[in-house]
Structure formats: structure tokens, C-alpha cells
Amino acid sequence: MEPCAGIESFIRAEQFTKFSPDGLYRIQTKNQSAHSREDKDKERRNNLMILPEMTCKPAKIRDSRKSTRLPSEDSSSGESIVMGIPSKRDTGTSRGRTRNPRGKQGRNKVDISETTVGGLNGKKVKRVPKATEITTGNSPTMNSPTIPTQEQINPEEKFQRILSENLRDYSRQRMRALHMSLRHFSNVEARITQKELTQAFQDNQMKLSGRVNQYLIDRFEDNRGIDCEYLYRFLTEAHLQSGRDSVIALQRRNYLETQTEVTSEERDADLILRLEQLLIDNQGYINIEALRENFQITDNDKSGKIDRNEVVDICSRHHTPLYGALFKSLLRRCDEEGNNIVSWPEFLNFLDLAQQNAQKKNPSLLEIPRKIRSRTPVTPSAIDELSEETKSRLVSKLRKKVSLVKDRALSLKQSEETQKTMEMNGDTPRGEEREKTPVTEERKRIVASKRKSEPDMNTTVLESVDTDNDFESQLTSSPPPLMSESPNTCTEETSEHITGPTTQPECSQSAPLLPASEAPVLIEDSNNTENLPSLPSENVADCAGSTLAQNKHGNLTFSITTKGRRIDFQSPCGISNDHVVLDPPTQRLKLDWVYGYRGNDCRSNIYVLATDEIVYFVSNIAVLYNRQTHKQRHYREHSEDIKCLAAHSNRNIVVTAQRTSNTCPQKQACIRVWRADTLHTTYVLGAGMFQKSVVAVAFSGSSDLLAAVDDSPEKRLTLWDVSSGTLKGDTVVNTEVICDLQFNTKYPELLVISGKEHLSWWKIYPDSHVIQPFAQPDYENYLRAKYVICLAHNERGDLMTGDSNGTVYVWGDGGNKITNFIKHAHDGPVFTVLCMKSYILTGGRDGFIYCWQFNKNMDKDGMLQLPKSEGGVRLLSLHDEVILIGTTVNSMLSITSSKKHSPLKGVALDQVPITQGHFSEVRGLAVISGSVTLGSIVTAGTDGILCWYNPHGRDPVCKLVLKGVQFLCVDALPSGARLALGTRTGHVVILDIEGVSSTEAFNQKLCKDKITTVKFSPGGGFVAAGSADCCIYICSLIDKEDGLKCWELTGKFKDHTGPLQALDWSTEPRNSSYLIKSCTSVPEQFVWNVSDFCLTDKLDTLSVKWHSETCPVDVSMCGLWSSKQARNNEVHCMTIHPNNGLVAIGDSSGHISLFRYPYFKQGAFCHTYKGHSCVRNLVFSEDGQCLFSVGGRDLAILQWEVT
């Protein structure tokens, strides 16, 4: 006999038949007494209790060893127990006995010894087989295979590994279904029979090997049956070791400790590698083109995104080999916003790349498409299955129908000829109006019946229908159609006109591009705006979009129709409609950096995580910033602005709460619980429960309890368990304003809430779901402030409060009495208190940070003043030895605390802020292409702040504050030495920039309405300002007699009928004069001559090159106006990539859409990204590597990487 090579061959060897749970080798008799059976049951129960301490030592030898044969060679051995899987059982017995491999002859050769049972009265002795000594030597023999030692194998782990292999093909859902089946069959003692266990496996289509099944029965069965709960726990533990993707994902989710940070590139590479392995293992093939075609058909909005369920449905219809956790991971990766809307171009990109890599690794996969096509069955036509008699009868019926149609058509033709003859003679029959409608309806009915009479069934039927071709041509002969295709031609003529309803073509929002009209088109004089016709309001929705047309001269034209108006454009030279690509662009956007911080109206919003990252928020994005590596990660699953933030004591679980949307009721206030290491959401709490917003959240010590207060009139207080997502209690606070919320560090059951004329202590009982008021403040003779703004606890349980009077009170040891205080700590409200060992740091609206010794006298021991431009101190947080400072103007600064003395002794602010932003609406955005000292991006807001950024270093550079000025737009010269700004009050401001200082060169109020856009001319000698009063103002740099230069208002254009949206200057002067292209959202587009301040004929501007392309109302953007972005939202801005192959669109819903440029034809697909509540401005960087966007009131400045 061959020696056993390993443990699996060892446990399946014929010599060994059963594995004992306690790891002891035993010999049992064939027939046992009642006493021995009771011992066996007791022993099994003991084995269940000592399962983890299983050993692999041989049992003590009861009888003398007289034979060298193995137990399995003994014919009378009822059950031989050896480390391994139970042996094959005799199906003829209830419990099963070991089959004797030697048969009957082997039984006659077994040595036995007679032993008296009980040893009394000379009863007949019972034959008991002799135990055989098992050889455990190093060298195996024929009759004694090698037995692994304790150091080599753990029997418990080995069996779980084998069981895991049996359970690897079954999902967690299948395991839960098995659990339900076991509970269904179990009795009150949670016991089932062997038959019921087998039935449970069969009901859930789970197949285990016979030895594994028998082992489970032997291990978990006692005299009352099989313990199904203990059995299921054992199966679950084995299933957790199966290595399934869903099991691994579950383990990662439930593992609360911080995991190693994985970059997005590494996650994508791992996802592609798993897809490759799936295709190789399953020999799978994905028809990318078929999926692309179905996705394009489903994507009615042409936004590049469709519903997740539709993606799953399309993939299942095409039998795509994607399933399980891998499929879900891929869908989640392509759903960056977390709203179940999948980017299908990104989805196909992953599949295509994985399939290409898999085919390179395994060339046999290249043959799968050919095999699939060869196996594709040819579906026979329904007519082929009919008999010849049925076919002939069908053809005769069709011929009869055709003859009837011919007769009706002839009669109709004769009546028309008669009518024409009467009209020529001047005889108009009575009831003419009454007869026109029936004739028209009769014509339509005949055409419809004619079309129905032409089914594509077989050649015979087609021949019979083809006899009516002449009749059909007569029916369709009519005046030329309204629109028809024509070759693309380029002439020197171009025109823009606005037509009335009589010349408006019929169009559809989702229909393909319509052919052109050959009928004469009314051309309105673009210089005359007094008689501009408009479409009826009831037709606006039906006619919004863009069309391709052909004018009466046969020239290809484009048109834009929206908001009741239509504009036609002459096609530029070299444009062909036949080669327009409708696919989405190959470039994509990836959120790279977020500038800004929300400290103006939010508190307790900076925390330090276990990953050594700083977490804060702005807009609807939670930012995780690593100071060491200067990298950001972003949690982007909120649908509205985040209002508060809290971190668990393990510094890995983070909760963020959002407000309710003012415009979309579906976006409700809620709390999202997520992991900082993986950015995966674990729970969403309180959806539909909170009103307005959640204003404060806090964790209770090291526990998983979270307290939250919403902004409802009664200020509802709720308590949650973030580990299970369950509500543990709720009550109402009944105060007007809530400012802060904190648990006591020493007494985690005590909760403190502060607000307007409010300070209260609450005690929580999570087990009984009760939150009770505990105490009210006892001010005694101390001054009570109107607002208690901030709270802080030290390790001893003392509470420090800062109020609107500038006073800091100390409430000792969790009590409600004042034990110490700092009177007039700040000149104004105290916004934050930070406890540091024996010191207290306070910050206030006055912009000062003070350090106080925590003693009886509360002595001041250091101070730091922030620059005036940084406002007040909103929050102080400690990160190692660095103190983080959040300001009220939405900047984040840092200082390194002193080690030897007071934390503020001899310290200074770091030169480069961590981030900076605006605290009021930001709309102005411009690129500085040739800046050397300053950043290449500048922003302007209604807070009067100008911020410069360096997109390559991802750093804020500097800021300039002009108080009392509300900037709405900004433009800069390429050198950055001069800025032009427009204000909400109608002023135009021109600043000369020198280093970090500025000089005002021009400041004049040009109109009563706001200035919406400003643009420098290419040479920098003119500034054009568009206003909401429908006018364009030109400011020029004029030489004075004294040799100085100054800016003056030199002209005005006033022919627009709507507020100005964008302006573009020509690259070079034409006839010694620059041209200006302007547009409004009405829509309108005009071209002006700066020298004579008059409109220019567009026939002369086809070859003009423009210095910038920011006008969405243009011939190159005609296709935009039929897209979802233009139909459902307002298009606020657009920008062209420096390489002129890409255009980015920003709309009022907060989406950034990426299209191919130029965008002539409707129906083009795009990539859409959500980053703002409303996109106000966009601009590409000089090198085109990144895109900047500003969101207006959400105060966010986002930098997107173009990949």
C-alpha cells in the first residue's frame, strides 16, 4: 500500500473510518451496554464543551496489544475513530457501521478475547476486539500510514478548511436561508433530526459531501437531537473562511479598526485584476459594443449616466458574466455620487480594459466571440412554418386588400382633379371647408392601410404588394418637405435671425437631428430689436432644442430654439454634418482638491483621525486632508450642505449631518455614518425624521452612542447606536437656538446642551430608551449670558463654557455650579475653548487666541492675534504639536505650539494656510496664464475677498480684502498685473496688482443693475462690462496730456433684450477695431464693433478667431440647447479646453457636463459630475490639466483633474 502523502489522503484512507471530536483514538465494541451508551452521550456533550481544546494525542491503551493490525482490519470493530473525516457508512443501518473491507473471511480471522460483562453469575461473556497499537514512527509502513503530529496539523482548523471549500459556492443569502429553514424544522429546544437536516440542505440547494454531512451529525447530535443553532454557528465560522468577495466585504465593514489606506488608483487596479480573473476562470466574454448600444438607447438624457437597476437589467439580458460582490463593487465605483446613478462610459471602460488584459493573458478567450457567432441559431420566419395551402390563402387575401386600396385611391384622385378643375373655372363648391377634413382623413387612412398591407413575410407577399408602387408614389407626391438633407456648403454669407411661429420647424427634445428646410425663411434685421417676434408661450416647451437646417440658397445652417425664441447660424467653413461624433469625450474629470472650510456658521467641525488626517467639510463634501503627504480624500455621498460633524473615539467612524433641501423635498436632513479608512457608508440615520437640518452631533465617550439635535421648532434630541443604526431614545429640548452639544468625558452618561439663554444637563439610559433632564445651571450671583456658545470638557470631568459676554465659566466635576471663571476673557463672544493638560486656550470673534493657566486664579499665559483679513477664531483643535485654527472667514490656519513654556509662548502663524475660501457667495473666477509671483487662479466673492490659488501645488497663495464691496465677476490680464471686477451695485473696479499689494486704478458706477460679466481685450487697453440692464459698457485706457494714462467710460451697446451672460473679444483687431461677441440667456447673440459701437454683419465674421469662447449661444454650441442640461436647467457658464477638443458646461442643478467640442449636433453624449448645489463659473487652467469650478452660495471652490 502506498503511504499517505498528506492529511487529506490520510483522512480518506480506507484504514481509518471516523474522526473523534476530542482527537483521541478509541476502539468501541459492536454492541454496547446501556451504561456504555450513556457514557458515550456524556462524552459527546463534554466534547461539545471542550471543542477549542481538541488534541491529537492517542488514547490510553485499555488492553494489551497483541496484534499489529489496524482497527479497520478488525471485523468486529463497530466504529474506529481516527483524526479525519467519518468513513463511508452502511446505508442499511440507522446509525451506520463500518464496512469490513475483508468481507466474511476477514471476520473469521479476527483475534478476540472474552471479557465478562459485569463479571457476575457466570453470564455469557461478550467478545471484545483487541485494540491495535498504531505506529507513529517517522517512516511509514504498509500497514501504518504516517499520522500528522500536533505541530503539523490542527484537526479543528483542518476540518473547517475542508468545510469552507464545500461552502465556497454558497452566498451569505443562501446561508441565511438555511438558517431560516433550520429554525423552521427545530423544536422548542432548537433541536432537529437527521432527516430534517437533510431536508433543510435540499430545500436550499446546498450539497455537502457525505463524510462532511455525517461528521456534522456526529458532532452536534445528542440524545435530544441535533443542536441546529450551534451547528449553524459552526457553518458560519467556516463560511467566513471561504474567501468569497461578499464575506471579505462584510469583514471589512464590521472591522472597526483603521485599515491601511488604499489610493483610488490601487482600488481601480485591483478591481480590473479581479475582473480579469473572473473572465479567465469562467472563460467569459463581454460584448462591449452591444452593451454600449443598449446604454445609449437607455440614456435618453444623453448625460452618460443611467439608473443602476437599468445597468443590471441590461447586463443580465446580455448574459454578462458579472455577479456577486464584484459586480456591486464595479457599480459602486461607477456611482461616485452614491445616488444609484451609474456612469455607463466609465462602466464600459472598466470592462473593456479588463477584457483586453484577460485576452492578452489567455489568448484562448479571443476565440469565444467566433464560437458564439457560429453557435447562434438562425431564427426561422413565422411564414416558413406555415403550409403551402395556408401561404396561398394568405397571399390571396392580401391581394384583395391591395385592390380595395387602389380603388379608393383612384376615386380620391378623381375627386381631387374635379375639384381643381372647378377652382380653375372659378366655381367653388359649397361646403368646401366641410369636405377638406374628410379628404385629408381619408388620405391618411389610405396611407395607413397601405402600410399595413406590406408586411415582410415572404417573396410572394412582397411581390403582390409591390404592384402598388405607382399608387404609393402618387399618394406621397406633394410639395417639397419642410426639411431635407443637403450637402454641406460654405459661403461667405452668414446670418442670424429670430423668426416667429410661422417659420418654426417641428422638433422633439429626444428626436434625432431634423433635416433642413428648403422653403424661404424670413430673415429679421438684427439691428432692429423693436419688432422682434417671439413664439407663443404654450409652444416653448415643445420647441426647445437645436436643429440642423438648409436655407433657400442651399447653405447648411444651424438653429437654436429655446424660451420662445429661435436663432439661426450659418455653418462655419469646413464643418460637415456627416462626421460629427456623438460619443462622450475620452477625457474625464476627477475631483482632485477642495478649497475652503465652513466656519462662518458652523461649529465643532475639525477633527483629527487615526489615519493622521484632518477631517472637515465645505458644501456637501467632507474633506480628509493629510498634512504630511499634502493629499486630500473626499466623502461625497451627501446630497445637500453638511451642517455638523463628529468623530468616534476610535477616530475611524465619522458622522456627518446635512440639511433639508429648499427646492427638492426628496433631499431630506439625515445623518450619515461612514468609515474614514474606506469612505464607505455604514448607516443613514433619521431620514425623514429630522426637520430643516441637524445642527449638532456628539459621541458618548468610547461607546457607540450618538446624540443629535435637529432644527425643528421644539429642537428634537435623539440618541442613536451607530454600531447597529438603531434609535435608542428621543425627547425635545424646547429652546429657541441650539449652539453646542457634548458628553462629559468622565461621566459618559451625562449630556450637556447649550444655546440661546439655555444650558442643561441630561442623563441617558440607552437600554431603556430614556433621556431625562438631569440638572439646570446654578449661576448664583454670576452674570447669565444671552448665548452659551461653546462647550469643552477636560479629563477630570470639568465643563468649560464660553458665552456671548466674553466670559468663560468652569463647572466642576460634572456639576451644575460654577467653581471658577474668567471674566471678560475676550472683547466679544467666546467661540471656542480647548483644554490642554494644565492650560486652557480660548478663541473669540475679536481674532485673539489666549492661553490661561488652569489654576485658582486662571492667569493669562500667552496670546496670539490673527491678521485682520482672517476674521475671528471659530475653532481650535490639537493635532500632535500643531494647533489648528478655523476662522470665521472660512480659512484654516495652523501654529506649532511651544514645548517648554506656554503653548502660545513665542509662536507665530504658519506662512501658508491649510486652506482658504470665501464666507459669502462666490461667483467670480478667472485664470492668469502668465503669473509668476501669484497663483494662476483668482476668485472673487460678494464678501469683498479676492483669493489666489496655485493649482499645481494645490496651495492657497494669498488673499485681498476690500470691505463693503460685493464682487460678482472678475477678469485678469495674462501677466496678472491688472484685475477688472464687476460688483452687485453696478460698479466696475480696476486694480493694479504689485506683489501682494494693490492700487485702485478705476472705480465707477456704470449702471443701477449689477455687472454680470467683465472681460479685458487681448491687448489690455479695453474692458467690456455686461450688465443686467441689457447693456454693454466699454472702458478704455486713454493717454492724458500730462503723459499719464487713465481709464474712462467710452461707449455703450444697448440693443440686447435680456441680461448679459457672456462676452468674448476677437483675437486680433479687424480693420483697426476689435470685435465683441455677446450673448444673453433669452437667447441672443450679437457681434459689435468697438470703434463705431454698432452691430456688425455676421456675414463678415465667419473667419474671426475669438480670444475666448464663453458664449453658450453660439453656432459651435447648437447641440447644447437640445440636451437635458439646457432643457431642465439654466446654463450658467461654459469654458473651452485649451486644445479646443473639450467643453465644460455648468448649470443651475450643480452638474458639470463634459462634451466634445464643437457641439454642433444634438444627441451627443457627455460625462456629468455633481459637485455643487449650483455651478456659477468654470475655467480650465492654462495647461488644460485641471478645471476650476465655483458654486456660488455653497462657498466651495473645486479643482478637477482632467484625466
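The preceding data block contains the structure.
Residues numbered from 1 in each chain as written. Predicted model: local features only at pLDDT ≥ 70, side-chain atom pairs only at ≥ 80, totals over all residues. Heavy atoms only, no water.

## Overview of the environment of cysteine 958
Quick reminder of the rule: Runs of E in the DSSP output that reach at least two residues are strands. Runs of H or I that reach at least four are helices, and both are numbered from the N terminus. In what follows, residue pairs with any heavy atoms lying within 4.5 Å of each other are defined as contacts.
Position of cysteine 958 among the secondary structure elements: in strand β44 (residues 955-961). Taking the C-alpha atoms as reference points, cysteine 958 and valine 996, separated by 38 residues in sequence, lie 7.3 Å from one another. Not counting residues up to four positions away in its chain, the partners in contact with cysteine 958 are Gln916, Leu934, Leu946, Cys947 and Trp948.

## Quick word on the sheet that holds strand β26 (residues 738-743)
Quick note on the threshold: Pairing between two strands is assigned when DSSP locates at least 2 bridges connecting them. For every element, the axis is a line fit to its C-alpha atoms; helices are fit only across the contacting stretch, and the angle between N-to-C directions ranges from 0 to 180 degrees.
Sheet architecture is open: four strands sit in the order β26-β27-β28-β29, paired in antiparallel fashion. Looking at which strands have only one partner, the edges of the open sheet turn out to be β26 and β29 (770-775). Strand-to-strand twist of the sheet, defined as the mean angle between neighbouring strand axes without regard to direction, takes the value 30 degrees. In terms of strand pairing, β26 meets strand β27 (residues 750-755) through five bridges, oriented antiparallel. Bridging from a neighbouring strand, glutamine 742 pairs with valine 752 of β27.

## Considering the sheet that holds strand β35 (residues 839-844)
Reading across the sheet, the four strands line up as β34-β35-β36-β37 and stay open at both edges, with antiparallel pairing between neighbours. At either end of the open sheet lies a strand with only one pairing partner, and these are β34 (830-836) and β37 (860-865). Recorded for the sheet is a direction-independent mean angle of 20 degrees between the axes of neighbouring strands. With five bridges joining them, β35 and strand β36 (residues 848-853) adopt antiparallel strand pairing. Bridging from a neighbouring strand, threonine 842 pairs with tyrosine 850 of β36.

## A short note on the packing of helix α4 (residues 155-167) against helix α7 (residues 210-220)
Formally: We call two directions roughly parallel when the angle between them is under 35 degrees, roughly antiparallel when it is over 145, roughly perpendicular when it lies between 65 and 115, and oblique otherwise. The handedness criterion is simple: a crossing whose near helix is rotated anticlockwise from the far helix by less than a right angle is left-handed, and one whose near helix is rotated clockwise is right-handed.
Interhelical geometry of α4 versus α7 gives an angle of 130 degrees and a closest axis separation of 11 Å. In terms of orientation, α4 lies oblique with respect to α7. Where α4 crosses over α7, the two elements pack in a sense that is left-handed. The residues of α7 that touch α4, namely those facing Glu156, Phe159, Leu163 and Asn166, are Val212, Tyr215, Leu216 and Arg219.

## Considerations on the environment of isoleucine 928
What counts, and what does not: For every residue, the accessible area (1.4 Å probe, protein chains only) is compared with the maximum for its type, and the residue is labelled buried under 20%, exposed over 50%, or partly exposed between those bounds.
Following the sequence through the fold, isoleucine 928 ends up in the loop between β41 (922-927) and β42 (937-941). For isoleucine 928, a relative accessible area of 1% puts it in the buried group. A sequence separation of 47 residues divides isoleucine 928 from serine 975, and the C-alpha atoms of the two residues are 6.6 Å apart. Setting aside residues no more than four positions away along its own chain, isoleucine 928 makes contact with Gly935, Ser936, Val938, Trp948, Ala972, Leu973, Pro974, Ser975 and Gly976.

## Considerations on helix α12 (residues 308-317)
Here is the rule: Starting at the helix axis, one direction is taken to each C-beta atom, and the arc is that of these directions. Under this definition, polar contacts are N or O atom pairs within 3.5 Å; protein pairs additionally need one hydrogen-donor-capable and one acceptor-capable atom, and for neighbouring residues in sequence, both atoms have to be side-chain atoms.
Three or more residues of α12 are buried, namely Val311, Ile314 and Cys315. Taken end-on, α12 shows its buried residues confined to a sector of 100 degrees, consistent with a single buried face. Between the side-chain oxygen at the start of α12 and the backbone nitrogen of asparagine 309 there is a gap of 2.9 Å, and the oxygen is on aspartate 307. With its phi angle positive at about 55 degrees, histidine 319 sits one or two positions after the end of α12.

## Side note on unusual backbone geometry
Cis geometry is adopted by the peptide bond preceding proline 1083, which originates at valine 1082 and carries an omega value of 10 degrees. When you line up the elements, proline 1083 lands in the loop between β54 (1075-1080) and β55 (1084-1089). Here the residue pair tyrosine 1157 and proline 1158 is connected by a cis peptide bond, since its omega of 0 degrees sits within 30 degrees of zero. Tracing the backbone through its elements, the reader meets proline 1158 in the loop between β59 (1151-1156) and β60 (1167-1170). You will see that histidine 319, though not glycine, has its phi angle at about 55 degrees, which is positive. Here histidine 319 lies in the loop between α12 and α13 (324-333). When its relative accessible area of 69% is taken as the criterion, histidine 319 is described as exposed.

## Some thoughts on the packing of aromatic side chains
Definition in use: Ring pairs are drawn from Phe, Tyr and Trp, using the six-membered ring of Trp, whenever the two centres fall within 6.5 Å, and their geometry is named by plane angle: stacked under 30 degrees, edge-to-face over 60, tilted for the rest.
Across all of its chains, the model carries 29 aromatic pairs by this definition. Arranged with centres 6.2 Å apart and planes meeting at 70 degrees, the rings of tyrosine 597 and tyrosine 616 form a pair that is edge-to-face. Here the residue tyrosine 597 occupies a position in the loop between β13 (589-595) and β14 (607-608), and tyrosine 616 occupies one in strand β15 (residues 614-618), the gap between them amounting to 19 residues. Look at tyrosine 597 and you get buried, because its relative accessible area is 0%. Taken together, a centroid distance of 5.7 Å and an interplanar angle of 5 degrees make the contact between phenylalanine 848 and tyrosine 850 stacked.

## As for the pairing of β13
Of all the seven residues making up β13, six are buried; the element is thus mostly covered by neighbouring parts of the structure. For β13 and strand β63 (residues 1197-1202), the ladder comprises six bridges, and the chain directions are antiparallel. Residue pairing for β63: valine 594 is matched across the bridge by leucine 1198.

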